[in-house]
Amino acid sequence: MSDLETKIISPVPGSYNLANYQETKASFTWEDTAQELSFHKTGKLNAAYETVDRHVDEGYGDKIALHYVNDDEHRTLTFKEVKDKTDHYARILLNNGVTKGDRVFIFLPKTPECYISILAVIKIGAIAGPLFEAFMEDAVKDRINDCQGTVLITDNELVKRVPKKDIPSLETILFTEEIEATPYDSSRQEDLVEWVDEDDGLIIHYTSGSTGKPKGVLHAHRAVTHHYQSGKWVLDIKEEDVYWCTSHPGWVTGSVYGLFAPWLNRATIVIQGGRFSAEKWYQLIEDLKVTTWYSAPTAFRMLMSQGDLYKSYDLSSIRHVLSVGEPLNPEVINWAWNKLGFRIHDTWWMTETGGHLIVNLPTEPIKPGSMGRPFPGIEVGILDAEGNELPHGSVGQLAIRAPWPGLMKEIWGNKDKFDSYFQYEGWYISGDLAVQDQEGYVFFQGRDDDMINSAGERIGPFEVESKLIEHPAVVEAAVVGKPDPIRGELVKAFITLGNNYPETKELLEEIRIFVRKNLSAHAAPREIEVVKELPKTKISGKILRRKLKQAEIEKSEKLHV
Ligand code: ATP
Ligand code: MG
């Protein structure tokens, strides 16, 4: 850890929503801090009302709520327009017999209609099930079947990937083209909001499937407090911000930090259609003067691999940048800081946690390699195998004192799985391993299952991977434990090389020595295999270490028969 602690990046001077972390943390309660939300005043709660309608009632109806950009198309909608469209969709859902608690799936590309559909479902008290637009038939079928969705909102294109016959619960399919073509008289101003209890179901998200079958994580309306507060302090949203979250609302980041958190804080959001393209992304930042940008390590690594491309664009509007989903390698933070001139703020949370738990705040120093410190109101514990708290500096299970407002309500249809997160009294167990330093900074070590045990030493893959990609030839790296008769496991690295670096024995040896010298002898990979690309979760693009490891296990089993 001493290596990781050396290069601290100080905060950029400025005025931020949360000025003093230590003082805020000391006096924080979730009840106090959410007084700004309307349900604390009126006693009536609905997350869709809080997220959009409230702003219209409070006089901000004309403010631009969203920019939609897809190639040459550019649309904007005000909060009033978003509210009216949401009412329109909600009316149609009601006309189709949708009632409180029904699961309504949304299978749409990243368009305003996708966001509006989610809000419409929530507005009438049903549970929204957003699906990522790149899902193929089986992914769509498995998720709707898992929680018996009855209604699906989709479009003429994506419906081709909906195997209706294999989804018996599905009664109705609604098409955005038809909804858009149906006239709606917004001057009617019907009261469509279903007021709900804090614990009523809000949205169901399926996890990324990095460690097995995706789990249906059900969140409750109470989560808005967490969404609002983390949007305010971590995203540091101000009303004048142009905020761009690159995730699709089918993933929890795309809904919580792509829709709820920014709109609860009344930001103007950017919805970008189409696939990743470094040129288009930089261009979008320049054109819309994006101020706040939330993306993922994979995307930042891809931009980094484009070298000087950033120099052709004006990125000066950017004032705050965040990352989530996978470990953020120090190399990437240093690249952004040295070349692009901004800090990337890592955030750690999970589908199950419903909101940020460990964060880098804009007012606090960043220690590259660390995910940051607990959000105010969140207590972190590093636990041993019996659930006892370990002292600072020890690797253990990353646990959070439960509950908090964003915490999931249930895993759909799987009480045993749900209970498995709470096996130690008072704690939520994340399944990740981490170390916490004296100052409270938490360093991710790997998923519990990814930890390598070599000759009695525990080695976290993340640190080794981060060192590997510091070598100029290495673009991406995944490190796993390969079964070894003497050591138990040995450290094996899979890497992809940059275009200008042909694979040679000498180069691989140089890379090995680079890690040995700069990290440690015991963690340096004993084997390095060059691959064209790393296996990743089909769509969310997370590196699948378990797949690489499984292949190594199978290979070694073959050798032993
Ligand atoms: P599944 O639960 O289906 O196996 P998943 O865990 O990848 O998939 P998500 O809920 O999308 O599904 O991801 C949460 C996990 O992502 C965390 O448990 C952690 O392993 C990883 N993660 C998220 N943010 C970070 C981060 N900032 N640094 C390191 N790892 C992170
Ligand atoms: Mg998980």
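Higher on the page you've got the structure.
Just so it is clear, the structure is predicted and the values come from calculations on it, not from any experiment.

**Brief notes about the overall build of the chain**
Item 1. Looking only at helices and strands, one finds 17 helices and 25 strands in the chain.
Item 2. In terms of overall dimensions, the chain has a C-alpha envelope of 75 × 55 × 50 Å along the principal axes.
Item 3. In the chain, which comprises 561 residues, the share counted as buried stands at 62%.
Item 4. For the chain, long-range pairs separated by at least 24 residues make up 69% of all intrachain contacts whose partners lie at least 6 apart in sequence.
Item 5. Per element, the accessible surface of the chain, about 22,700 Å² overall, is 48% carbon and sulfur.
Item 6. One way to put it: in the chain the 63 positive side-chain charges average out to a point 3 Å from where the 84 negative ones average out.

**Let's talk about the site of ligand 1**
Item 1. Near ligand 1 lie 22 residues; those nearest to it are Thr207, Gly209, Ser210, Thr211 and Thr351.
Item 2. Contacts to ligand 1 include Glu326, whose backbone N or O atom sits 3.4 Å from a nitrogen atom.
Item 3. Here ligand 1, which alone exposes 630 Å², has 95% of that area covered by the protein.
Item 4. If you list the elements that add at least two residues to the shell around ligand 1, you get strand S13 (344–348) and strand S20 (442–447).
Item 5. Looking at side-chain class alone, the shell around ligand 1 contains 7 nonpolar, 8 polar and 7 charged residues.

**A closer look at the environment of Gln35**
Item 1. As for its position among the elements, Gln35 is in the loop between helix H2 (30–33) and helix H3 (38–42).
Item 2. With residues up to four places along the chain from it excluded, the contact list for Gln35 reads His40 and Lys41.

**Notes on empty space enclosed by the protein**
Rolled over the atoms, a probe as big as a water molecule pinpoints where empty space is left.
Item 1. With the rule as written, the count across this model stands at 5 cavities of 30 Å³ or more.
Item 2. In this model, the second largest cavity occupies a volume close to 70 Å³.
Item 3. Surrounding the second largest cavity, Arg301, Glu326, Pro327, Asn329, Phe462, Glu465, Ile469, Glu476, Ala477, Ile543 and Arg545 form its lining.
Item 4. Looking at the lining of the second largest cavity, the elements that each hand over two or more residues are helix H15 (461–470) and strand S23 (474–484).
Item 5. Among the elements that make up the lining of the second largest cavity, the one with the highest residue count is H15 (3 residues).
Item 6. Its residues placed into classes, the lining of the second largest cavity shows 5 nonpolar, 1 polar and 5 charged.
Item 7. In this structure, the lining of the second largest cavity is formed jointly by two domains, domain 1 (2–436) and domain 2 (454–559), each of which donates at least three residues.

**Quick word on the nonpolar core**
Item 1. Residues Val82, Leu93, Ile153, Tyr243, Trp263, Tyr294 and Leu398 are the most contacted members of the largest nonpolar core, which totals 94 residues.
Item 2. Not counting the four nearest positions on each side in its chain, Val82 is found in contact with Val52, Ala65, Leu66, Leu77, Ile116, Leu119 and Trp263.

What counts, and at which threshold
Residues numbered from 1 in each chain as written. Chains lettered and ligands numbered in written order. Predicted model: local features only at pLDDT ≥ 70, side-chain atom pairs only at ≥ 80, totals over all residues. Heavy atoms only, no water. Helix = DSSP H or I, 4+ residues; strand = E, 2+ residues; numbered from the N terminus. Buried < 20%, exposed > 50% of the residue type's maximum accessible area, 1.4 Å probe, protein only. Contact = heavy atoms within 4.5 Å. Areas by Shrake-Rupley, 256 points an atom, 1.4 Å probe, with all protein chains shown as cover. Lys, Arg positive; Asp, Glu negative; His and termini not counted. Charge placed at Lys NZ, Arg CZ, Asp CG, Glu CD. Near = heavy atom within 4 Å. Polar contact = N/O pair within 3.5 Å; in protein donor to acceptor, adjacent residues only side chain to side chain. Nonpolar A, V, L, I, M, F, W, Y, C, P; charged D, E, K, R; others polar. 1 Å grid on protein atoms, 1.4 Å probe; cavity = no way out; pocket = protein on both sides within 12 Å on 5 of 7 lines; lining within 4 Å. Points joined across faces, edges and corners; volume = space filled by probe spheres on them. Domains from an automatic or database assignment. Core = buried A, V, L, I, M, F, W, Y, C linked by side-chain atoms within 4.5 Å.

Geometric descriptors of this kind do not, in isolation, establish any biological role.
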